[in-house]
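An overview of the molecular structure
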Protein chains: 2
Amino acid sequence: MHQQAHELTEAAVQTLFVQHHLRFTRQRYAVYRALACEDIHPTADQLYQKLTDNKSGISLATVYNTLEALVKSGLAQKLADGGTSARYDASVDDHLHLRDRATGSLMDVPVNLGKRLLDNLPDNILKEIESELGFSINRVQIELVGEYAGN
Amino acid sequence: MHQQAHELTEAAVQTLFVQHHLRFTRQRYAVYRALACEDIHPTADQLYQKLTDNKSGISLATVYNTLEALVKSGLAQKLADGGTSARYDASVDDHLHLRDRATGSLMDVPVNLGKRLLDNLPDNILKEIESELGFSINRVQIELVGEYAGN
DNA sequence: CCTATACTTGTAATGGTTCTAAGTTAGAAA
DNA sequence: TTTCTAACTTAGAACCATTACAAGTATAGG
Ligand SMILES: [Mn+2]
Ligand SMILES: [Mn+2]
Ligand SMILES: [Zn+2]
Ligand SMILES: [Zn+2]
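Residues numbered from 1 in each chain as written. Chains lettered and ligands numbered in written order. Predicted model: local features only at pLDDT ≥ 70, side-chain atom pairs only at ≥ 80, totals over all residues. Heavy atoms only, no water.

Brief notes about the coordination of the zinc ion (ligand 4)
Protein coordination at the zinc ion (ligand 4) comes from His41(B) (NE2), Asp89(B) (OD), His95(B) (NE2), His97(B) (NE2) and Asp108(B) (OD), with a distance range of 1.9 to 2.3 Å. All donors of the zinc ion (ligand 4) belong to a single chain; written as a sequence motif, their spacing is H-x47-D-x5-H-x1-H-x10-D. (Donors = N, O, S within 2.8 Å, 3.2 Å for Na, K, Ca; no water.)

Here it is, written out as structure tokens:
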């Protein structure tokens, strides 16, 4: 697995793309930057709007194509919204999501907190599920559903 | 919270519907029965096909309407497929799902196993997430992603 | 029974996503 | 640097799951 870019300079992202066998284009750079600097998990259209505002000169089809390429190459993940449209996440590491029942929005749980929870799952029970069901668990995806206290 | 019907007789389901303030109709009974007796988590169209085969005399619009009514009243839940169409689940109790990476299919983890895992989550970390983020956790939704050993 | 209200249904509309086919470009090779 | 080709971009059409609509029908309470 390749390392995640914390820098979003042209050079850094180009390197990242090369490592993932993706051609580096103006449009892909713009989409990746817009996605990676977002704390929310934007839809394809939200990214398109944002880029159009910035006059990046990109088509909606390319936003979709790029997101598909990023997901396929492991630089992003596609999240089911539960609603109408898909959401995209530039964090591919295991991390938890917080879903606000009121708005439906998805937020990341800070990585350190999330990792502590994932590391403290009852491993014996997971093993038991695996052996009992003949299933090999690859990833445990957790979503904390609730609401912000200030509501 | 009302009790889940383990019997799917007309009388039992009618009682369930009355408790949930839903009118009892031939079509809703058919949809609920078809959903509740499924071990998979069918799409609206899968239910429609199944009912059409059985000459239940029901329209696709009604399948959608009924599923929406069931979800709104708490008798079913809507699951994001990750793919194109939504999946429905007559189990509203907390339970885990197994996602087969190969096929994308969703299966239930047997309730006893799932409950043991949920009961053994590190509660202190959950509390910490709540206080740290000012978020009140209502439900912990877990999906085990992997593949069946026989592949 | 009667009636009000909720439900059903065929069909049209919606909207996110994918497809197509024609131009353009990145990046490798010479 | 020049050339070449596979990969990428794009506008618009197509697709398809879901929702909206409007006209008929059935449920359940009084
Ligand atoms: Mn994120
Ligand atoms: Mn189920
Ligand atoms: Zn995330
Ligand atoms: Zn389930």
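Read on, since the account is not over.
With respect to the domain arrangement of chain A
All names here are of chain A. Looking at chain A, the domain boundaries give domain 1 (5-89) and domain 2 (97-146). Here the C-alpha centre of domain 2 lies 25 Å away from the C-alpha centre of domain 1. Between domain 1 and domain 2 lies a buried interface of about 540 Å² when both sides are counted; carbon and sulfur atoms form 46% of it. Sorting the residues of domain 1 by area buried against domain 2 places His41, Leu79 and Asp81 first, and these three jointly supply 52% of that buried surface. (Domains from an automatic or database assignment. Buried area = accessible area lost by both parts, 1.4 Å probe.)

Details of the pattern of salt bridges
On inspection of all chains with the given rule, the structure shows eight salt bridges over all chains. One salt bridge in this structure joins Lys50(A) and Glu38(A), with 2.9 Å as the shortest N-O distance. With Lys50(A) in helix α3 (residues 44-53) and Glu38(A) in the loop between α2 (26-36) and α3, this pair connects stretches of sequence that are twelve residues apart. Of the residues examined, Lys50(A) reaches a relative accessible area of 24% and is grouped as partly exposed. Put simply, Arg116(B) and Glu128(A) hold a salt bridge, and the shortest N to O gap is 3.0 Å. Taken together, the residues span two chains, with Arg116(B) in helix α5 (residues 111-119) and Glu128(A) in helix α6 (residues 123-133). The exposure class assigned to Glu128(A) is partly exposed, which follows from its relative accessible area of 27%. (Salt bridge = Lys/Arg side-chain N within 4 Å of Asp/Glu carboxyl O. Helix = DSSP H or I, 4+ residues; strand = E, 2+ residues; numbered from the N terminus. Buried < 20%, exposed > 50% of the residue type's maximum accessible area, 1.4 Å probe, protein only.)

Things to note about the protein's contact with DNA strand D
Around DNA strand D, the structure places 15 residues, and the nearest of them are Thr25(A), Thr62(A), Arg23(B), Tyr64(B) and Ala86(B). Thr25(A) places a side-chain nitrogen or oxygen 2.6 Å from a phosphate oxygen of DNA strand D. Within the backbone of Ser59(A), one N or O atom sits 3.2 Å away from a phosphate oxygen of DNA strand D. For the surface near DNA strand D, the secondary structure elements donating two or more residues are α2 and α4 (60-73) of chain A. Residue composition of the surface near DNA strand D, by class: five nonpolar, seven polar and three charged. (Near = heavy atom within 4 Å. Polar contact = N/O pair within 3.5 Å; in protein donor to acceptor, adjacent residues only side chain to side chain. Nonpolar A, V, L, I, M, F, W, Y, C, P; charged D, E, K, R; others polar.)

Regarding the coordination of the zinc ion (ligand 3)
Residues and elements named next belong to chain A. With distances of 1.9 to 2.3 Å, the protein atoms coordinating the zinc ion (ligand 3) are His41 (NE2), Asp89 (OD), His95 (NE2), His97 (NE2) and Asp108 (OD). Mapping the donors of the zinc ion (ligand 3) onto the primary sequence gives the spacing H-x47-D-x5-H-x1-H-x10-D. Separating the zinc ion (ligand 3) from the manganese ion (ligand 1) is a distance of 3.5 Å, and Asp108 supplies a donor atom to each of them. Within this pair, whereas His97 is found in strand β3 (residues 97-100), its partner Asp108 is found in strand β4 (residues 106-108), the two being separated by eleven residues in sequence. Take His97: its relative accessible area is 7%, and that puts it in the buried class.

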